[in-house]
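The primary structure of each chain is shown beneath.
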Amino acid sequence: MSAAEARVSCTVTDGVADVRLDRPDKLNALDQPMFEALVETGLRLAEEPAVRAVVLSGNGRAFCAGLDFGAFRAMADGTRSAERIPATDRPIGPARARGQQAAHVWTALPVPVIAAMHGVAYGGGLQIALGADIRLVAPDARLSVMEVRWGLVPDMTGSQLLPELVGRDVAKELTYTARVVSGEEAAALGLATRTEPDPRAAALALATEIAERSPEAVRAAKRLLEAAGRVDLATGYEAEQREITALIGTPNQVEAVESGMAGRPPRFTDPA
């Protein structure tokens, strides 16, 4: 059994990949096999043209409780070095450390990723969710940037992504205190997109809606929106024109227009 099969389940139906952290007895806590499984699953989905949207959720009572307690015990007794998640020779974009890759692989996917959070999303679990495009959260979920509680810092991309979502001052307050916020407060802060009574069901419905759109247009939109605010305006405007020029007149773009004018469901083909 591969690492992905042992720790993460994944099924694809009608263009929607349903990815679930699958270590429910440990609240989906992150150990090395879980890191490997997340990266392996994300990289595999990136190569599947039939996938048009991804839902990322946790099996059992929680999304993800963060780093496995065994890792903390190893740090405390000195049997584990400070480099707790080693770097690899195969970076995913700017992410070289395996823990960073477990979060960034979802950002790097060419299609939208929706995280559905319930129960707890602590520390590294929250950082994995930050790698998604959209975060739907149960009102009574509990989220925390918890690393400082254990004498650590967010090191799975969170230190860079969190200020973009909630502002630098709020990011500092959440990080310095490690306080736990509810799903409702997370949505108010911008840490989550919105609350949903059943976040996984809502995420699957949203992913299905996205999967019904032209796949090239959705992929192009993700590329543009990921770059927004990270490149200068001239570069961003140039990218807009490059993407729109590449889309106009393609079979799926023509199908989007024709099906819309005819009032019928579109019949899109998967990207090459």
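Caption draft 1: Representation of the packing of helix α6 (residues 158–166) against helix α7 (residues 168–177). Between α6 and α7, the shortest axis-to-axis distance is 7 Å and the interhelical angle comes to 125°. Taken together, the axes of α6 and α7 lie oblique to each other. Relative to α7, the crossing made by α6 is right-handed. Contacts from Leu 162, Pro 163 and Val 166 in α6 reach Arg 168, Val 170, Ala 171 and Thr 175 in α7.

Caption draft 2: Region of interest: the pattern of salt bridges. Counting across every chain of the model gives 15 salt bridges. Across the salt bridge formed by Arg 179 and Glu 185, the nearest N and O atoms sit 2.6 Å from each other. Residue classification places Arg 179 among the partly exposed positions, given a relative accessible area of 28%. The network of salt bridges with shared partners includes Arg 7, Arg 23, Asp 31 and Asp 68.

Caption draft 3: Quick peek at the sheet that holds strand β2 (residues 16–21). Within the open sheet, the 6 strands sit side by side as β1-β2-β3-β6-β8-β11. Their pairing is mixed. On the outer flanks of this sheet lie β1 (8–13) and β11 (194–195), each paired with one strand and no other.

Caption draft 4: Local environment of the sheet that holds strand β9 (residues 142–144). Reading across from one edge, β7-β9-β10 is the order of the 3 strands in this open sheet, with mixed pairing throughout. Edge positions in the open sheet fall to β7 (120–122) and β10 (181–182), since each of these has one partner strand only. Across 3 bridges, β7 lies against β9 in parallel orientation. The residue bridging Tyr 122 from the neighbouring strand is Ser 144, located in β9.

Conventions used here
Residues numbered from 1 in each chain as written. Predicted model: local features only at pLDDT ≥ 70, side-chain atom pairs only at ≥ 80, totals over all residues. Heavy atoms only, no water. Axes fitted to C-alpha atoms, helices over the stretch in contact; angles between N-to-C directions. Helix = DSSP H or I, 4+ residues; strand = E, 2+ residues; numbered from the N terminus. Parallel < 35°, antiparallel > 145°, perpendicular 65-115°, else oblique. Left-handed = near helix turned anticlockwise from the far one by under 90°. Contact = heavy atoms within 4.5 Å. Salt bridge = Lys/Arg side-chain N within 4 Å of Asp/Glu carboxyl O. Buried < 20%, exposed > 50% of the residue type's maximum accessible area, 1.4 Å probe, protein only. Pairing = 2+ DSSP bridges.

Distances and angles like these do not, on their own, reveal function.
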